Amino acid sequence: MPNDLPHRYGMIAGNGRFPLLALETAKREGHDVVVVAIENEASAEIAQHASSLYWINIGQLGKLIEILKREQVSEVMMAGQVKHISIFSSITPDWRLFKLLMSLKENNTSALIGGIQEVLHNEGIELVDSTRLLKPLLAAEGILTKRKPEKEEEADIRYGRRVASVLTSVDIGQSVAISEKSCVAVEAMEGTDAMLRRAASLTNGKPLRLVKVSRGRAHLLFDVPVAGLTTIETMVETQTTALAVDAGRTLLLDKAEMLARANDVGITIIGYPPL
């Protein structure tokens, strides 16, 4: 359904700015959004923008389905992150989720959300592109900042993209920290910011490059790479001088402000064709 036509969506909201920006856009465009927010993840600020708001814990798949059906929602998007440690360490599943977990061949995010997608489909609810309301915030291809990458940065990025593409193929993480054509740190469950801080503790002041890549999927239903103002501030803190992302598949939250801040501190950001 084109964005310029008023539409009714469901949203499963996690943490960060992603769901808030999507809801602000929906409100401007006249869309009706029923939000199912994840407890201890989503911001209370969501209440200011949602047409209807429900809170569930991460293990309540049955309650999620019940809410969406009662609200007559046939299309739902996932917006925002849920901490991996919450998914795999703190989850208390209801019977619907327990049954799904027992059927999974692998215990990773892709398998879990793919399973949830199938369960929703069987209930007449389709999982749709999570960036549907935020297409202008997807990274463009090319150099996005005033400063171009230096030769050393380009060499680190080329190497980092090869490494990161292997990681995403086995669902380990989306980001790597590179210095002098060496992989210093790999993102796992801790998230990008924590990974950069760990990398900085290992490099003795040498500059880092941050490489983020998307999963090799034909869709953007979930697990979309995200960077924003917080990313830039962490890069400054950790002496990370360059950020490489997949064009058309990475959300730059608060894009104008993010790029302006990157320019202020001399960080270069580049969008590459997805591998």
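Residues numbered from 1 in each chain as written. Predicted model: local features only at pLDDT ≥ 70, side-chain atom pairs only at ≥ 80, totals over all residues. Heavy atoms only, no water.

A.B. asks: Which residues make up the sheet that holds strand E8 (residues 182-186), and what values go with them?
C.D. replies: Taking strand neighbours across the sheet as the criterion, the six strands line up as E6-E13-E11-E9-E7-E8 in an open arrangement whose pairing is mixed. Edge positions in the sheet fall to strand E6 (142-143) and E8, since each of these pairs with one other strand and no more. As judged from the four bridges shared by strand E9 (residues 208-212) and strand E11 (residues 240-246), these two strands associate in the parallel manner. What sits directly across from Arg 209, in E11, is Ala 242. Strands strand E7 (175-179), E8, E9 and E11 of the sheet are contacted by helix H7 (residues 192-200), whose axis makes an angle of about 150° with E9. (Pairing = 2+ DSSP bridges. Helix = DSSP H or I, 4+ residues; strand = E, 2+ residues; numbered from the N terminus. Contact = heavy atoms within 4.5 Å. Axes fitted to C-alpha atoms, helices over the stretch in contact; angles between N-to-C directions.)

A.B. asks: Please provide a residue-by-residue account of the packing of helix H4 (residues 95-103) against helix H5 (residues 109-122), values included.
C.D. replies: It is the contact of H4 with H5, at a shortest axis distance of 10 Å, that shows an interaxial angle of 125°. Taken together, the axis directions place H4 and H5 in an arrangement best described as oblique. Between H4 and H5 lies a crossing whose hand is right-handed. Residues Arg 96, Leu 97, Leu 100 and Leu 101 of H4 pack against Leu 112, Gly 115, Ile 116 and Val 119 of H5. (Parallel < 35°, antiparallel > 145°, perpendicular 65-115°, else oblique. Left-handed = near helix turned anticlockwise from the far one by under 90°.)

A.B. asks: Give a description of the side chain of His 49 that names residues and reports values.
C.D. replies: Its location among the elements puts His 49 in the loop between strand E2 (32-38) and strand E3 (52-56). Sequence-distant contacts of His 49, defined by excluding residues within four places in its chain, comprise Leu 20, Leu 23, Glu 24 and Lys 27.

A.B. asks: Describe the pattern of salt bridges, naming the residues involved and giving the relevant values.
C.D. replies: Pairing between side chains of opposite charge can happen when their charged atoms approach one another. Evaluation of the coordinates by the stated rule reveals 16 salt bridges. The partner of Arg 147 in a salt bridge is Glu 153, and the shortest N-O contact between them spans 2.9 Å. For Arg 147, a relative accessible area of 24% puts it in the partly exposed group. Residue Glu 153 is classed as buried on the basis of its relative accessible area of 3%. Measuring nitrogen to oxygen at the nearest pair gives 2.7 Å for the salt bridge that ties Glu 233 to Arg 261. Within this pair, whereas Glu 233 is found in helix H8 (residues 229-237), its partner Arg 261 is found in helix H9 (residues 255-265), the two being separated by 28 residues in sequence. Among the charged side chains, a network of salt bridges with common partners joins Arg 147, Glu 153, Asp 156 and Arg 209. (Salt bridge = Lys/Arg side-chain N within 4 Å of Asp/Glu carboxyl O. Buried < 20%, exposed > 50% of the residue type's maximum accessible area, 1.4 Å probe, protein only.)

A.B. asks: Tell me what's going on with the pairing of E9, and back it up with residues and numbers.
C.D. replies: Of all the five residues making up E9, five are buried; the element is thus mostly covered by neighbouring parts of the structure. Residues Leu 208, Leu 210 and Lys 212 line one face of E9 and the alternating positions Arg 209 and Val 211 line the opposite face, and both faces are buried. Alignment of E7 against E9, held across four bridges, turns out to be antiparallel. When the bridges of E9 are listed, Ile 178 appears paired with Arg 209.

A.B. asks: Mind laying out the sheet that holds E2, listing which residues take part and the relevant values?
C.D. replies: If you walk across this open sheet you meet the five strands as E3-E2-E1-E4-E5, and the pairing is parallel. For this open sheet the edge positions go to E3 and strand E5 (126-128), each flanked by a neighbour on one side alone. Here the average twist between neighbouring strands, direction ignored, is 30°. Bridge count for strand E4 (residues 75-79) against E5 is three bridges, and the pairing is parallel. In the strand pairing of E5, Met 77 is matched with Val 128. Contacting strand E1 (8-13), E2 and E4, helix H1 (residues 18-29) runs over the sheet at an angle of about 165° to E1. Along the sheet, helix H2 (residues 61-70) makes contact with E1, E2, E3 and E4, crossing E3 at roughly 165°.

Structural measurements only, silent on function.
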